[in-house]
Amino acid sequence: MKVNGKNKGHAADILNAFFRPGLTRTLIMWFLVMSLAPLALISAINYIQARNSLQKSIIEAQQTAIALKTAFIDNWFSYRFLDLESQSTNIENTRFLDELRKALQAEGNDVGSFVGSYRWASIVDKRGADLKAFRRTYGYYDVFLIDSDGNILFTAISETDLGTNLFTGPYSNTLFAHACKQSLKSGHQTFSDFEFYAPSNNVVAGFLISPIVDETGAKIGIFAMQIPVDKIDAIMQDRTGMGNTGETYLIGADLTLRSNSALHNEEKILSTRVDTEQTRKWRNEHIMENKEGNSEFGFIYRGHHGKNVLGNRNSLHIAGIKWGLIAEIEETEAFASVAQLKNVALLLGVATGIIVLISAFMLSWRIVTPLLNLTAVAKKVQEGKNDVRADVSSKDEIKTLAETFNIMLDTLNEAITEAEQSRDKIDGILKSVADGLIVTDINNNVVLMNKAAEELLDTSFSQAANNPIGFAIKDEILRKKIVETIDQKTTGYLFDFELESDYSDHPKIMRARTSVVFDSQSKEIGIV
């Protein structure tokens, strides 16, 4: 009979085989590994290269943007310092301050009483128009003339700081006052940095200061300009080419903003502190002057809004004041195109995995099904059905295996038939032997006993088979004698023994002989 290896039951066997150790699962797993591993490796390399390339291009774009804005701010301040230099060295402004200063000394009053007096007003009416026109023309918030003692003797818009002493009065703790002292001491132009200035209704203000010297070279006071922040803020608000989440902003030494946020209206100048890895690196490098380990400008870090950003930095130096210029864009937007590439690679991997899995199942079906068929045939042979044969319908090595298996079954059946025939002959010979015959294996277990032996020992082969020979002998003396003789495993050994007879006066005298049985390699395998 033939066993068809293409029956539907094998499909379930193959599916079940995937979930347990075996050839099916091994084949499928290796197919998946061999197909997906190279794809995953290539996709990972492409993703890393694309991400690194994109990050490099974004960093370069940020560096270009901050370089342009740095240049704009430097240029803007350069022109302001030129205005400052022009007005601080203007002979008319020098005479104006000198006349106010001498008038104050002549009056002998404090600066608050002097400002607003007839003498003060007449001097301002005569000489102040040019400075007021200068302020309006160049867009400055205010301009100041301050003597070397810190007395504010003239301002263009006359706010509450006019007539006060900047060094000892209510505004002595301002950055403006500190910058004026520095300018008088060093003789150079200074910048106060931005601060909330109370006389201007606490608006954010910055001051450019330059000393004024008379014809003899003596420092008689200061010329100062209060600059607006809108020009600088406007350039920082420009987000051209920065996407939806990109922005640039300025920070000071205290890490608070020096420009308003372009994305978050609530984040204002001097009101928001930006403490990130990028700003700390800038402060360590330029404020703490610790340059070690700060060579990397563009990198990914946690932004002050809690999201990862890709940021870059630059530094501005304005008359002794240092600002940091930071450019940032959220990581998700910066690498959106790479994320799409990753998603495509994942989809491709899943699709490839499905195709390979289906192909692997089909190939496993072709390989494993004949093996399952052989297994089914082997089980039937084990059950005693020697007439079954494996299916040889395939045209590959499996066919050769099946044919060889069938030849083996034919050979086995022939051997079994010959063995049965030989056994029948031996059984016939043994039955015809009048002497009792017992055969044991190497462990003295009975493997054969003829009818004569059964009658002599009053037992049966069915009871003695596969049991020690002593189990088949009831007589204790005889059992002991036979066991001792067999243990010697000697060929030709003779011994006599008695058996009870139906006639008590005449017992049976029996003679026994042993012979060792050897296999084809001359190895002892039993005793007869």
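Look above for the structure.
This one's a predicted model, so the numbers in the text were calculated from it and none came from an experiment. (Residues numbered from 1 in each chain as written. Predicted model: local features only at pLDDT ≥ 70, side-chain atom pairs only at ≥ 80, totals over all residues. Heavy atoms only, no water.)

## Observations regarding the nonpolar core
Stage number 1. The biggest cluster of nonpolar side chains holds 65 residues, and the ones touching the most others in it are Phe77, Phe176, Phe191, Phe194 and Trp323.
Stage number 2. Beyond its immediate chain neighbours, meaning those up to four positions away, Phe176 contacts Phe144, Ile146, Leu166, Ser192, Glu195, Tyr197, Phe207, Ile209 and Ala224.
Stage number 3. One finds Leu457, Ile469, Ile473 and Ile486 within the second-largest nonpolar core, a separate group that totals 13 residues. (Core = buried A, V, L, I, M, F, W, Y, C linked by side-chain atoms within 4.5 Å. Buried < 20%, exposed > 50% of the residue type's maximum accessible area, 1.4 Å probe, protein only. Contact = heavy atoms within 4.5 Å.)

## With respect to helix 7 (residues 175–186)
Stage number 1. Taking 1.5 Å per residue, 12 residues should reach 16 Å; helix 7 reaches 16 Å between its end C-alpha atoms and fits that length.
Stage number 2. Among the residues of helix 7, Phe176, Ala177, Ala179, Cys180, Ser183 and Leu184 are the ones counted as buried. Buried residues in helix 7, looked at end-on, bunch into an arc of 165°, giving them a common side.
Stage number 3. On its buried face, helix 7 sits against strand 1 (142–147), strand 3 (190–191), strand 4 (195–197), strand 5 (203–213) and strand 6 (219–227).
Stage number 4. Looking one or two places after helix 7, you find Gly187, whose phi comes out positive at around 80°. (Helix = DSSP H or I, 4+ residues; strand = E, 2+ residues; numbered from the N terminus. Expected span 1.5 Å × (residues − 1). Arc of directions from axis to C-beta.)

## Some remarks on the pattern of salt bridges
Stage number 1. Under the counting rule described, the total for this entry stands at 13 salt bridges.
Stage number 2. The closest approach of N and O atoms between Asp83 and Arg80, which form a salt bridge, is 3.7 Å. Linking Asp83 with Arg80, this pair stays in helix 2 (residues 23–88), spanning 3 residues, or about one helical turn.
Stage number 3. Overall, Asp83 belongs to the buried group, its relative accessible area being 13%.
Stage number 4. Among the residues examined, Arg80 registers a relative accessible area of 13% and is labelled buried.
Stage number 5. A salt bridge links Lys307 to Glu330, with the shortest nitrogen-to-oxygen separation between them at 3.9 Å. Remark: Glu330 occurs in strand 10 (residues 321–330) and Lys307 occurs in the loop between strand 8 (299–302) and strand 9 (308–318); sequence separation between them is 23 residues.
Stage number 6. When its relative accessible area of 48% is taken as the criterion, Lys307 is described as partly exposed. (Salt bridge = Lys/Arg side-chain N within 4 Å of Asp/Glu carboxyl O.)

## Quick word on the sheet that holds strand 12 (residues 446–449)
Stage number 1. If you walk across this open sheet you meet the 4 strands as 12-11-16-15, and the pairing is antiparallel. Strands with a single pairing partner mark the edges of an open sheet, and in this sheet they are strand 12 and strand 15 (516–518). Between one strand axis and the next, the sheet turns by 30° as a mean value, whatever way the strands run.
Stage number 2. As judged from the 2 bridges shared by strand 11 (residues 438–441) and strand 16 (residues 524–527), these two strands associate in the antiparallel manner. Considered in strand 16, the bridge of Asp441 is made with Gly526. (Pairing = 2+ DSSP bridges. Axes fitted to C-alpha atoms, helices over the stretch in contact; angles between N-to-C directions.)

## Comments concerning helix 8 (residues 230–237)
Each α-helix turn comprises 3.6 residues. Residues three or four places apart therefore point the same way.
Stage number 1. When helix 8 is considered as a whole, its buried residues turn out to be Ile232, Asp233, Ile235 and Met236. In an axial view of helix 8, the angular spread of the buried residues amounts to 160°, which keeps them on one side of the axis.

## Focus on the packing of aromatic side chains
Stage number 1. This structure, assessed with the given rule, holds 17 aromatic pairs.
Stage number 2. Taking 6.1 Å as the distance between ring centres and 85° as the angle between the ring planes, the aromatic pair formed by Phe191 and Phe194 counts as edge-to-face.
Stage number 3. Its relative accessible area of 2% is what places Phe194 among the buried residues.
Stage number 4. Put simply, the rings of Trp76, Phe77, Phe81, Phe191, Phe194 and Trp323 pair up and form one aromatic cluster.
Stage number 5. For Arg80, the ring lying beneath its charged end belongs to Trp76, and the centroid distance is 4.9 Å.
Stage number 6. The ring of Phe299 carries the charged tip of Lys281 above its face, separated from the ring centre by 5.6 Å. (Phe/Tyr/Trp six-rings, centres within 6.5 Å; stacked < 30°, edge-to-face > 60°. Lys NZ or Arg CZ within 6 Å of the ring centre and 35° of its normal.)

## Structural notes on the side chain of Asp98
Stage number 1. Structurally, Asp98 can be placed in helix 3 (residues 91–107).
Stage number 2. Of the polar contacts made by the side chain of Asp98, one reaches the side chain of Arg101; its length is 2.6 Å. (Polar contact = N/O pair within 3.5 Å; in protein donor to acceptor, adjacent residues only side chain to side chain.)

## Quick look at a nonpolar patch on the surface
Stage number 1. Residues Val350, Ile354, Ile358 and Met362 make up a contiguous nonpolar surface patch of about 400 Å² in total accessible area.
Stage number 2. Structurally, the position occupied by Ile354 is in helix 11 (residues 336–382).
Stage number 3. On the basis of relative accessibility, which here comes to 46%, the residue Ile354 falls in the partly exposed class. (Patch = residues over 30% accessible without salt bridge, like charges linked within 9 Å, V, L, I, M, F, W, Y side chains within 5 Å. Areas by Shrake-Rupley, 256 points an atom, 1.4 Å probe, with all protein chains shown as cover.)

## Looking at the sheet that holds strand 9
Stage number 1. Ordered in space as 7-10-9-8, the 4 strands form an open sheet in which the pairing is antiparallel. Strands at the two margins of the open sheet, each flanked by one partner only, are strand 7 (247–251) and strand 8. Strand-to-strand twist of the sheet, defined as the mean angle between neighbouring strand axes without regard to direction, takes the value 40°.
Stage number 2. Two elements, strand 8 and strand 9, share 4 bridges in a ladder whose sense is antiparallel. Residue Phe299 lies in a different strand from strand 9, and its bridge partner there is Gly311.

## Points about unusual backbone geometry
Stage number 1. One non-glycine residue, Ser158, adopts positive backbone phi at about 55°.
Stage number 2. Counting through the fold element by element, Ser158 comes out in the loop between strand 2 (152–155) and helix 7.

## Concerning the environment of Leu54
Stage number 1. Locating Leu54 in the fold gives a position in helix 2.
Stage number 2. Through-space distance from the C-alpha of Leu54 to that of Ser337 is 8.9 Å; in sequence the pair is 283 residues apart.
Stage number 3. Not counting residues up to four positions away in its chain, the partners in contact with Leu54 are Ala334, Phe335, Ser337 and Val338.

## Some thoughts on the pairing of strand 9
Stage number 1. Strand 9 sits mainly inside the fold: 8 of its 11 residues count as buried.
Stage number 2. Remark: 5 residues form the turn of the hairpin made by strand 8 and strand 9, two consecutive strands paired antiparallel; Gly306 in that turn has positive phi of roughly 90°.
Stage number 3. For strand 9 and strand 10, the ladder comprises 10 bridges, and the chain directions are antiparallel. By the bridge assignment, His317 is partnered in strand 10 with Lys322.

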